[in-house]
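Take a look at the letters that make up each chain.
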Amino acid sequence: MRAFAVLAGLVVLGAAAAEPSRPSPLKPGPDFQSADVRALQADDFANPGMLWVAKGRDRFRAKGANGRRCADCHGEEGEALRGAATRFPKHDGALGRVTDLAGRIDACDRRHRGGAGLARESDALLELETFVANLSRGMALAVSPEGSARGAWEKGRDLYFTRIGQLNLACTHCHDARWGRTLLAEPISQGHPTGWPAYRLEWQAVGSLHRRLRACFFGVRAEQPAAGSDELVALELYLATRAKGLPVEAPGVRR
Amino acid sequence: MAIARLQVPATARAGEAVEVRLLVQHPMETGFRREADGRAVPMNVVNRLSVTYGGEEVFRAEMGSGIAANPYLAFWIVAKSSGEVVVEWVDDKGDKGRVAQPIAVS
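Residues numbered from 1 in each chain as written. Chains lettered and ligands numbered in written order. Predicted model: local features only at pLDDT ≥ 70, side-chain atom pairs only at ≥ 80, totals over all residues. Heavy atoms only, no water.

Next up on the list: the overall build of chain B. Assigned secondary structure in chain B consists of zero helices and eight strands. Its helices and strands taken in sequence order, chain B reads β-β-β-β-β-β-β-β from the N to the C terminus. Seen through its principal axes, chain B has C-alpha atoms that stretch 60 × 20 × 20 Å. Looking at chain B as a whole, 41% of its 106 residues are labelled buried. Residue pairs at least 24 apart in sequence account for 56% of intrachain contacts in chain B once pairs closer than 6 positions are excluded. Summed over its atoms, the accessible surface of chain B is roughly 6000 Å², and 50% of this surface lies on carbon and sulfur atoms. The averaged location of the 13 negative side-chain charges in chain B is 1 Å from the averaged location of its 12 positive side-chain charges. (Helix = DSSP H or I, 4+ residues; strand = E, 2+ residues; numbered from the N terminus. Buried < 20%, exposed > 50% of the residue type's maximum accessible area, 1.4 Å probe, protein only. Contact = heavy atoms within 4.5 Å. Areas by Shrake-Rupley, 256 points an atom, 1.4 Å probe, with all protein chains shown as cover. Lys, Arg positive; Asp, Glu negative; His and termini not counted. Charge placed at Lys NZ, Arg CZ, Asp CG, Glu CD.)

See below:
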C-alpha cells in the first residue's frame, strides 16, 4: 500500500515541476562525521584536500599543450569560476549532453588548451576539479533540473528510487528512510554531494563523487557504472537538486 | 611532484614559543599492498624528515610504515633570532623534498 503511494507520488511529480524528495531538515555531510574528522575539514591548513587545491592551482596556471593557460581566461586565482561549481551538473550545448564539473573541465581543456583528454580519477583532473570546486566553497548549490537537463534529472531520480544489486536496495532506503541511523559502525548520511571532490581517509587520497557513488553501488553488490557515465552524471544531478541550498564544502574530509 | 605545506608565524617576539605545522603530500606506501595483478607495491615512506631553524636542527622524524599517507606534523619551537625554518625530507625511493619559510623575530 505504502509502495503504491510512493509510486503514485512519483507519477504526480513526473507531471509537475521537477521537485526532488528532500529530507527534513537538510543536514550536510560533516554532520554525520566524528568531531575529529569535522575539525580536520574545518582546518584549512591540516585539511589534506588543500594539497590537491594547491596542486590544482599550479596546473591552472601551467601552460597546456598549445601554450594557453586556464588562468588566461579565468583569472590567476580563477576569479571568473567563483560559483561555477554550484551550477553543475548542467547541460552543455557544445557537448550536447548534461555534464558534471569534471567533464566540463575536460571539455574545456580539449577545446581551448589542445588537451588530449583528462582521464577520470587522474591526478590532473582531480587536482583541477578540486581547485575549481574550492572556489565555490560556502556558496549554496543552485543546480537547475529544468529545460534541457530535465531528461537527465528524471533518469537520475529513477535511478535513485530503483532497487539494485544483490542486496536489492535503492538509494532512498538508506538516505531518505534511515539517515542518522547506523550501518554497522558507520552513520548513514543524507547523501548530499556538497563536499566532493573530498579527501576520504579510507582512500588516503582525494577522490571524486563518482568514485564514492561507485563505492555505494559496490556496497549493495550492484554493477558499478563507470565514472563519468551518463548514469552517474544523472544521479549526481538528482542529488544536487536534492541538496539545493546547502553550501559547497570542497574539499571535504570523509571517513 | 612532491609538495608540502609549511606554516610558521611570519613574525614573533624573541623567546616566544611558536607552533610549526607541516603537511607533506606522500603516498606512504607500506609495502604490504598489492596491485590488482598481484605484484607487491614496494615500500615507500618518508623515512627521514628534519627541520632546521637558523641552520640548527630543531626537529627530526623517522617515520615508518605505520604513518598514514600525507603525514601531518606539528611541534613548537622557541623563536630566538630571525632566520629560516627549513624542512627537508627523503623517502625510500631517494626522492627529496624541501620547503622553507622565514620567521622575523623582534
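Once the structure has been displayed, the description carries forward.
On to the interface of chain B and chain A. Between chain B and chain A, the contact holds 14 residues from the first and 13 residues from the second. Summing both sides of the interface, chain B and chain A together bury roughly 1300 Å²; the carbon and sulfur share of this comes to 62%. Across the chain B-chain A interface, the total number found is one salt bridge. Arg-21 of chain B is paired through a salt bridge with Asp-43 of chain A; the nearest N and O atoms lie 2.3 Å apart. For the side of chain B that touches chain A, the secondary structure elements donating two or more residues are strand S1 (4-7) and strand S3 (17-24) of chain B. Per-element tally for the side of chain B that touches chain A: the top contributor is S3 of chain B, with four residues. Its residues assigned to classes, the side of chain B that touches chain A shows nine nonpolar, three polar and two charged. (Buried area = accessible area lost by both parts, 1.4 Å probe. Salt bridge = Lys/Arg side-chain N within 4 Å of Asp/Glu carboxyl O. Nonpolar A, V, L, I, M, F, W, Y, C, P; charged D, E, K, R; others polar.)

Residue and element names in this part refer to chain A. Partitioning chain A into structural domains gives domain 1 (2-7 + 24-44 + 141-254) and domain 2 (49-134). Each of domain 1 and domain 2 was reduced to a C-alpha centroid, and the two centroids are 22 Å apart. Roughly 1900 Å² is buried in total at the junction of domain 1 and domain 2, and carbon and sulfur atoms are behind 68% of that figure. Between domain 1 and domain 2 we count zero salt bridges in total. (Domains from an automatic or database assignment.)

Now for the packing of helix H9 (residues 209-219) of chain A against helix H10 (residues 230-242) of chain A. Residues and elements named next belong to chain A. One way to put it is that H9 packs onto H10 with a least axis distance of 11 Å and a crossing angle of 100°. By the criterion of interaxial angle, the relationship of H9 to H10 is roughly perpendicular. Between H9, through Leu-209, His-210, Leu-213, Arg-214 and Phe-217, and H10, the contact on the second element is made entirely by Leu-232, Val-233, Leu-235, Glu-236 and Leu-239. A per-class count over the contact of H9 with H10 returns seven nonpolar, one polar and two charged. (Axes fitted to C-alpha atoms, helices over the stretch in contact; angles between N-to-C directions. Parallel < 35°, antiparallel > 145°, perpendicular 65-115°, else oblique.)

This part takes up the pattern of salt bridges. Counted under the stated rule, the structure contains 27 salt bridges over all chains. Salt bridges sharing common partners tie together Arg-57, Arg-61, Arg-69, Asp-72, Glu-76 and Glu-77 of chain A.

Turning our attention to helix H7 (residues 150-161) of chain A. Residue pairs three or four apart in sequence face the same way in an α-helix, which turns once every 3.6 residues. Its 12 residues place the ends of H7 of chain A 17 Å apart at the C-alpha level, agreeing with the 16 Å of an ideal helix rising 1.5 Å per residue. Within H7 of chain A, burial applies to Arg-150, Ala-152, Trp-153, Gly-156, Arg-157, Leu-159 and Tyr-160 of chain A. (Expected span 1.5 Å × (residues − 1).)

Now for the packing of aromatic side chains. A full pass over the atoms with the stated rule returns 10 aromatic pairs over all chains. Measuring from ring centre to ring centre gives 5.0 Å for Tyr-160 of chain A and Tyr-238 of chain A, while their planes differ by 45°; the resulting arrangement is tilted. Linking Tyr-160 of chain A in helix H7 with Tyr-238 of chain A in helix H10, this pair joins segments that are 78 residues apart in sequence. Both rings, one in Phe-59 of chain B and one in Phe-75 of chain B, keep their centres 3.9 Å apart while their planes meet at 5°; by these two values the pair is stacked. Placement of the pair is Phe-59 of chain B in strand S5 (residues 56-61) and Phe-75 of chain B in strand S6 (residues 72-78), with a sequence separation of 16 residues. By way of ring pairs, the aromatic residues Trp-153, Tyr-160, Phe-161 and Tyr-238 of chain A are connected into one cluster. (Phe/Tyr/Trp six-rings, centres within 6.5 Å; stacked < 30°, edge-to-face > 60°.)

Here we come to the side chain of His-175 of chain A. Residue and element names in this part refer to chain A. Relative to the elements of secondary structure, His-175 occurs in helix H8 (residues 171-175). Residue classification places His-175 among the buried positions, given a relative accessible area of 17%. Here His-175 is in contact with Pro-23, Tyr-160, Ile-188, Ser-189, Gln-190, Gly-191, Cys-216 and Arg-242, once residues within four sequence places are set aside.

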